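# Descriptive structure summary
So the chains spell out like this:
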Amino acid sequence: MTLVPSARLLGAARAGGRALPAFNVITLEHAEAVVEAAEAAGAPLLLQVSQNAVAHHGGRLAPLAAALAALARATPVPLGLHLDHVTDRDLLREAPGAGFGSVMYDGSRLPYAANVAATADAVAFGHAHGLLVESELGRVGGKPGDAHLPGVRTDPGEAASFVRATRVDALAVAVGSSHAMTERSAVLDHPLIGRLRAAAGVPLVLHGSSGVPDEELRRAVAAGMTKINFGTALNTALTAAVRARLAATPPERVDPRPWLAEGRAAMRAAVEHLLGVLATARHGTAARG
Ligand code: G3H
Ligand code: ZN
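The rules behind these values
Residues numbered from 1 in each chain as written. Chains lettered and ligands numbered in written order. Predicted model: local features only at pLDDT ≥ 70, side-chain atom pairs only at ≥ 80, totals over all residues. Heavy atoms only, no water. Donors = N, O, S within 2.8 Å, 3.2 Å for Na, K, Ca; no water. Helix = DSSP H or I, 4+ residues; strand = E, 2+ residues; numbered from the N terminus. Buried < 20%, exposed > 50% of the residue type's maximum accessible area, 1.4 Å probe, protein only. Pairing = 2+ DSSP bridges. Right-handed = clockwise from strand over helix to strand, strands pointing away. Near = heavy atom within 4 Å. Polar contact = N/O pair within 3.5 Å; in protein donor to acceptor, adjacent residues only side chain to side chain. Areas by Shrake-Rupley, 256 points an atom, 1.4 Å probe, with all protein chains shown as cover. 1 Å grid on protein atoms, 1.4 Å probe; cavity = no way out; pocket = protein on both sides within 12 Å on 5 of 7 lines; lining within 4 Å. Sits in = over half its atoms within 2 Å of the grid points. Nonpolar A, V, L, I, M, F, W, Y, C, P; charged D, E, K, R; others polar.

## Some words on the coordination of the zinc ion (ligand 2)
Binding of the zinc ion (ligand 2) to the protein goes through His85 (NE2), His179 (NE2) and His207 (ND1), at separations of 2.1 Å. Between consecutive donors of the zinc ion (ligand 2), the numbers of intervening residues give the motif H-x93-H-x27-H. Pair noted here: His85 is in strand β3 (residues 79-86) and His179 is in the loop between β6 (170-173) and α8 (190-200), with a separation of 94 residues, a long-range link. There is no split in this pair, since His85 and His179 are both buried.

## Considering the pairing of strand β5 (residues 132-137)
Residues in a regular strand project their side chains so that they alternate between the two faces of the sheet. With respect to burial, β5 is a largely interior element, six of its six residues being buried. A two-sided burial pattern is seen for β5, the buried positions comprising Leu132, Glu134 and Glu136 on one face and Val133, Ser135 and Leu137 on the other. Relative to β5, strand β4 (residues 102-105) runs parallel, the two being bridged by four bridges. From the neighbouring strand, Met104 faces β5, where its bridge partner is Glu134. Regarding the hand of the β-α-β motif, the stretch spanning β4, helix α6 (residues 112-128) and β5 is right-handed. Relative to β6, β5 is paired through four bridges, and the arrangement is parallel. In the strand pairing of β6, Glu136 is matched with Ala172.

## Some points on the site of ligand 1
Looking at ligand 1, there are 13 residues lining it, with Asp84, Ala180, Gly208, Ser210 and Thr232 nearest. With respect to ligand 1, the side chain of His207 contributes an N or O atom lying 3.1 Å from an oxygen atom. Gly208 is positioned such that a nitrogen or oxygen atom in its backbone is 2.9 Å from an oxygen atom of ligand 1. Against a free-state accessible area of 300 Å², the protein chains account for coverage of 95% of ligand 1. Among the detected pockets, ligand 1 sits in the largest pocket. By residue class, the composition of the shell around ligand 1 is two nonpolar, 10 polar and one charged.

Right under this line is the structure:
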């Protein structure tokens, strides 16, 4: 029975000078892979569902959320549920009743003033319903319909004003990563992470972490990142394993379980690797507190 509030997991990570890993899941196999890896590593983490994943399931949040909550309740490792990259107000309102302890409201495509207003509104709703609320300032880029925005960075002064004006609990910042990268080649601006951490006063969140190499991830945590989001890493592992298995499968074999199992095992291995990287990563002295 260890479905726990996201705030407790993020608070414990911050107090321990660690980063909380967060994995985006799309199918039940994704979730099973993440939970198996969490159990093997004994690592608390967040299971995340994005608005795009909800769209994949016909706009229905409840069935996948119920499955994730059931998996979390059945494991001894503390796990939380997080609703990710939400722009739809109706979906946001479903989060508390569906077992989520946190949401990321994504106003990053809005102009600054509109982002502040929309995020403050989401925070008011979230806090009234016991949710931790994360938001984004500065456009990480790389989501469908986005141009990649490699040059965009979050400004520390703006981050401080944004947090004050919105009362948001955690802040996703643009520091050099980009969503949906299948090569791990991102180079992060570590001094900027340190300045943002000092200015924002709330836990910082790294998005697009699948494209960030292991050592860059460790350095990002040392500089002050407290929540690290992975999604594409799982999909890369899943798709490669399924593609290889199907290429070697005669066409009359139609049982999906062998290739789904192989895809799930590949995702578990990818998650275990990333948990291993973050297990040894600690905030540096300047990033503590
Ligand atoms: O919010 C989710 C993450 O930012 C995942 O990004 O798929 O590039 O790892 P990624
Ligand atoms: Zn993201």
